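Examining the three-dimensional arrangement
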Amino acid sequence: MISFQSVAKVYPDGTAAVQDLSLDIPTGRITVFVGPSGCGKTTSLRMINRMIEPTAGTIEIDGRDTRSIDAPTLRRGIGYVIQNAGLFPHRTVEDNIATVPVLQGKNRREARTAARELLERVGLPVEMGRRYPNQLSGGQQQRVGVARALAADPPVMLMDEPFSAVDPVVREQLQTEFLRLQDELGKTIVFVTHDIDEAVKLGDRIAVFAVGGRLAQFSSPADLLRR
Ligand code: ADP
Ligand code: ADP
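Predicted model, so just to flag it, every value in this text is computed and none were measured. (Residues numbered from 1 in each chain as written. Chains lettered and ligands numbered in written order. Predicted model: local features only at pLDDT ≥ 70, side-chain atom pairs only at ≥ 80, totals over all residues. Heavy atoms only, no water.)

**Structural notes on the overall build of the protein chain**
Applied cut-off: The helix count covers DSSP runs of H or I at least four residues long, the strand count covers runs of E at least two residues long, and both are numbered beginning at the N terminus. In this treatment the radius of gyration is a C-alpha quantity, and the globule benchmark scales as 2.2 Å times the residue count to the 0.38 power. Each residue's exposure class comes from its accessible area (1.4 Å probe, protein chains only) as a fraction of the maximum for that residue type: buried when under 20%, exposed when over 50%, partly exposed otherwise. For the area figures, the Shrake-Rupley method with a 1.4 Å probe applies, and any residue is considered shielded solely by the protein chains shown. Charge counting treats Lys and Arg as positive and Asp and Glu as negative, with His and both chain ends excluded. Charge placement uses NZ in Lys and CZ in Arg. For Asp and Glu, CG and CD serve respectively.
Broken down by element type, the protein chain carries 8 helices and 10 strands. Here the C-alpha radius of gyration of the protein chain, 17 Å, is about what a compact globule of 227 residues would show, namely 17 Å. In the protein chain, buried positions account for 48% of the 227 residues. Entry remark: accessible area of the protein chain is about 10,900 Å², with carbon and sulfur atoms responsible for 49%. One finds the centroid of the 28 positive side-chain charges in the protein chain at a distance of 4 Å from the centroid of its 27 negative side-chain charges.

**Some words on the packing of helix H3 (residues 93-103) against helix H5 (residues 138-150)**
As a reminder of what qualifies: Note on definitions: angles span 0 to 180 degrees between N-to-C directions of axes, and those axes are lines fitted to C-alpha atoms, for helices only across the stretch in contact. Geometric relationships in this document are graded by angle, where less than 35 degrees denotes roughly parallel, more than 145 denotes roughly antiparallel, 65 to 115 denotes roughly perpendicular, and other angles denote oblique. We call a crossing left-handed when the near helix sits turned anticlockwise from the far one by less than a right angle, and right-handed when that turn is clockwise. Throughout, a contact is declared for two residues whenever any of their heavy atoms are within 4.5 Å. When residues are sorted by character, Ala, Val, Leu, Ile, Met, Phe, Trp, Tyr, Cys and Pro go into the nonpolar class, Asp, Glu, Lys and Arg into the charged class, and all the rest, Gly among them, into the polar class.
At their nearest, the axes of H3 and H5 sit 8 Å apart, and the two run at 25° to each other. In this view, H3 runs roughly parallel relative to H5, as classed from their interaxial angle. Judged by the sense of rotation from one axis to the other, the crossing of H3 with H5 is right-handed. Side by side, H3 and H5 meet where Val93, Asn96 and Ile97 of the first sit next to Val144, Ala147 and Arg148 of the second. Counted by class, the contact of H3 with H5 contains 4 nonpolar, 1 polar and 1 charged residues.

**Here we look at the pairing of strand S10 (residues 214-219)**
Inclusion rule: Between any two strands, pairing holds if DSSP finds at least two bridges.
Strand direction decides the pairing type here: strand S9 (residues 205-210) and S10, joined by 5 bridges, are antiparallel. Of the residues in S10, the one forming a bridge with Val208 is Gln217. The hairpin formed by S9 and S10 contains 3 residues between the paired strands, and Gly212 there has a positive phi angle of roughly 95°.

**Some thoughts on the nonpolar core**
Definition in use: Nonpolar cores are built from buried Ala, Val, Leu, Ile, Met, Phe, Trp, Tyr and Cys residues. Side-chain atoms within 4.5 Å join them into one set.
Ile97, Met159, Phe178 and Phe191 are the most contacted members of the largest nonpolar core, which totals 38 residues. Take this core: its biggest share by element is 5 residues, from H5. Listed in part, the 25 residues of the second largest apolar core include Phe4, Met47, Ile61 and Val192.

**Some words on the sheet that holds strand S6 (residues 78-82)**
Read across the open sheet, the 6 strands follow the order S6-S7-S8-S3-S9-S10; overall the sheet is mixed. A strand with exactly one partner marks an edge of an open sheet, and here the two such strands are S6 and S10. Sheet twist, expressed as the average angle between the axes of neighbouring strands with direction ignored, equals 15°. Alignment of S6 against strand S7 (residues 156-160), held across 5 bridges, turns out to be parallel. Of the residues in S7, the one forming a bridge with Gly79 is Met157. Set on the sheet, H5 makes contact with S6 and S7; between it and S6 the angle comes to about 170°.

What follows is the structure, encoded as structure tokens:
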């Protein structure tokens, strides 16, 4: 479980991005942060892996204060997927996926073999591994982004608008495939979106953020639709 306890973030310029955020993110489920632009979703997400440090409160993962874990160790257990995939443009798709495992000490050949398996897992042909990111469609790049985050087999995945930059038809496809994959993998997922339909489709739990970075509601999709 990932537990936010009275967490706040005030940026150096005085912007109060997140205020008094307390919530428990269950293990092995998809929790969605939803709300309009600027309400603190990305800031909250990035505080989990300490890309951003809270200015107040505590975040615990399985009962451990994240401040007691050094950032590289923490991030080894936390995959991160962003909009537009954020792939390394000068590396092949296969190398994009294999890079982190190699940095973590896996031998290159094993990492490449694992990369090819991951390509299949996310619905891409193995041959695509030899291409460069700019030779792929937006949807294909997002699939590679997911595969790359999965390469280190982290128990936790942070996903920031991963499907927002692709057209609606591809987005639907990616959402459906993502749910199927999650059924197999059972990761602890925190998923940021501004799209309420996406939140309801994907979330086991939905945290609705309001302007000013406050939590307006934390509920199941069914409860959310009832209100
Ligand atoms: P969301 O993900 O919901 O769009 P963000 O977490 O990105 O919201 O931003 C929350 C608020 O904090 C916004 O008002 C945004 O402009 C502000 N903000 C984000 N990053 C910074 C920063 N580095 N410095 C100052 N303000 C920031
Ligand atoms: P994204 O939605 O992908 O986070 P943004 O455009 O919101 O992209 O933010 C891009 C970068 O700019 C982030 O690193 C964020 O922290 C920073 N940022 C966002 N809003 C502000 C702001 N008001 N002042 C300073 N930096 C900001």
